[in-house]
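Per-entry structural report
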Amino acid sequence: MTSSQPRALMRAAVLEPEATCVPALIELAALSPERRAAIATRASALVTAVRGSSDPGMMEAFLAEYGLSTDEGIALMCLAEALLRVPDAETIDDLIQDKIAPHDWGAHVGDSGSILVNASTWALMLTGQVLEEDNDKGIVSALRGMVRRLGEPVIRTAVARVMREMGAQFVLGRTIEEAMARGRSQEQRGYTYSYDMLGEAARTHDDAQRYDEAYTAALAAIGRAADAASAVRQNPGISVKLSALHPRYEVAQADVCVPVLRTRLLALAQAAKAAGIGLNVDAEEADRLDLSLDVIEAVIAAPSLRGWDGFGVVVQAYGQRARHVIKWIYEQAERHDRRVMVRLVKGAYWDSEIKQAQVLGVDGFPVFTNKAATDVSYIAHARTLLEMQ
């Protein structure tokens with residue numbers, strides 16, 4: 001395979017039909033009966049251990065009651081994630097009304113073994129009743145409207161409290177120092193973290209400068225806590241988004257944004273090398289993939305990073321092009337005599353990718369539309385990566 005082929009194949013497969021690429025992935029991901037049995041046995045043991053825990057956390061209790069297969073569970077997850085980035089009280093009120101009012105919270109009252117979950121269910125049920133629209137006219141409607149208005153600040157506070165409890169399961173801290181403090185107990189058990197920052201989406205050059213400085217400060221904080229004598233993979237690291245480092249990270253502005261991104265990412269990588277920690281380039285939307293690889297290639301090739309094995313790339317398995325991206329990364333590592341970390345994830349922007357393709361009216365999607373196809377892709381590519389050591 002020539003050096004240009006993985007990239008060319010990647011560009012040609014932007015909207016590749018699932019029926020074309022999934023059969024090969026199924027073959028690559030195939031499991032023997034013995035492996036399937038071993039996986040089922042281990043999974044059953046893990047589930048049994050979790051269910052048998054005498055001290056389930058708030059999230060475990062919520063999921064046990066609602067689950068992600070119910071409308072209420074999905075609404076709670078959406079709300080927990082969205083409230084982390086909602087800018088004002090009016091938007092919070094609208095979001096709570098949209099996510100809570102339509103659902104049947106009363107069906108869950110008293111069902112959970114957790115007092116906190118049962119109390120939260122009562123709050124959600126009453127909130128839904130207060131917020132529910134009433135099409136009747138007259139004094140009753142007016143009174144209910146008054147209750148809705150007067151009750152919104154209280155409802156907002158109560159729901160935000162519940163959501164904070166849930167959000168704490170996903171967010172380690174409000175600052176890098178707080179996150180590292182919360183993660184320390186797990187690190188002492190042998191785990192490690194790649195710290196990520198929420199809300200990275202630079203809209204202005206001032207935003208990009210602020211994120212660049214925040215990444216630099218986080219690198220310094222993580223570096224101070226790292227063990228200088230340990231290998232990079234044994235220390236915590238950081239994940240960065242290129243979209244946080246330039247406000248016009250888009251194809252139409254490639255000539256402008258790519259040189260700036262190369263410079264900024266290289267500087268961050270050099271700081272990570274000096275600190276003895278890893279730096280991953282986080283995944284972005286499909287239409288930015290080609291731009292990302294332009295920036296990544298320049299950093300992998302940088303002479304100043306020779307001898308450092310801490311540079312990493314996140315690859316999303318729900319994209320039909322994942323196999324070409326992995327081959328391209330392997331090719332770059334060989335060409336420049338580098339070790340590159342690859343974090344394989346399922347994917348993070350499915351809804352927006354589907355909607356964007358629909359808005360553009362293109363014949364296909366850049367991501368798998370069937371979750372089973374994403375699962376197969378993940379297993380197939382994990383196997384490929386393990387063979388690339």
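Up top is the structure.
Please read these numbers as outputs of a predicted model, since none were measured by experiment.

1. Some thoughts on the sheet that holds strand β5 (residues 341-345)
Strand order in the open sheet formed by five strands is β1-β2-β3-β4-β5, and the pairing between neighbours is parallel. Because the sheet does not close on itself, it has two edges, and the strands there are β1 (194-195) and β5. Packing against the sheet, helix α13 (residues 322-335) makes contact with β4 (311-316) and β5, and its axis sits at approximately 165° to β4.

2. What about the pattern of salt bridges?
Applying the stated criterion across every chain yields a total of 15 salt bridges. Put simply, R7 and D294 hold a salt bridge, and the shortest N to O gap is 2.6 Å. Residue R7 is located in helix α1 (residues 5-12), and its partner D294 is located in helix α12 (residues 289-300); the two are separated by 287 residues in the primary sequence. Taking relative accessible area as the criterion, D294 reaches 26% and is therefore assigned partly exposed. A single salt-bridge network, built from bridges that share partners, covers R7, R11, D290, D294, E297, E331 and R335.

3. Thoughts on the nonpolar core
In this structure, I238, L242, L265, L279, I296, W308 and F311 are the most contacted members of the largest nonpolar core, which totals 54 residues. Residue assignment for this core shows that the elements contributing at least two residues are α9 (176-187), α10 (205-225), β2 (237-240), α11 (254-275), β3 (279-281), α12, β4 and α13. Counting residues in hydrophobic clusters, the runner-up holds seven residues, among them V22, L25, A373 and A380.

4. Overview of the side chain of R264
Note that R264 resides in helix α11. Filtering out sequence-adjacent residues up to four positions away, R264 remains in contact with A208, Q209, D212, L245 and H246.

5. Regarding the packing of aromatic side chains
Per the counting criterion, the structure on display carries one aromatic pair. Taking 5.5 Å as the distance between ring centres and 20° as the angle between the ring planes, the aromatic pair formed by Y193 and Y195 counts as stacked. Y193 gets classed as partly exposed once you look at its relative accessible area, which sits at 22%. Classification of Y195 by relative accessible area gives buried; the value is 6%. Here K346 stacks its cationic end above the ring of Y378, 5.5 Å away from the centre of that ring.

6. Some details on the environment of E16
Position of E16 among the secondary structure elements: in the loop between α1 and α2 (18-29). E16 sits in the buried class, given a relative accessible area of 14%. C-alpha separation for the pair E16 and F365, spaced 349 residues apart in sequence, amounts to 7.7 Å.

The rules behind each value
- Residues numbered from 1 in each chain as written.
- Predicted model: local features only at pLDDT ≥ 70, side-chain atom pairs only at ≥ 80, totals over all residues.
- Heavy atoms only, no water.
- Pairing = 2+ DSSP bridges.
- Helix = DSSP H or I, 4+ residues; strand = E, 2+ residues; numbered from the N terminus.
- Contact = heavy atoms within 4.5 Å.
- Axes fitted to C-alpha atoms, helices over the stretch in contact; angles between N-to-C directions.
- Salt bridge = Lys/Arg side-chain N within 4 Å of Asp/Glu carboxyl O.
- Buried < 20%, exposed > 50% of the residue type's maximum accessible area, 1.4 Å probe, protein only.
- Core = buried A, V, L, I, M, F, W, Y, C linked by side-chain atoms within 4.5 Å.
- Phe/Tyr/Trp six-rings, centres within 6.5 Å; stacked < 30°, edge-to-face > 60°.
- Lys NZ or Arg CZ within 6 Å of the ring centre and 35° of its normal.

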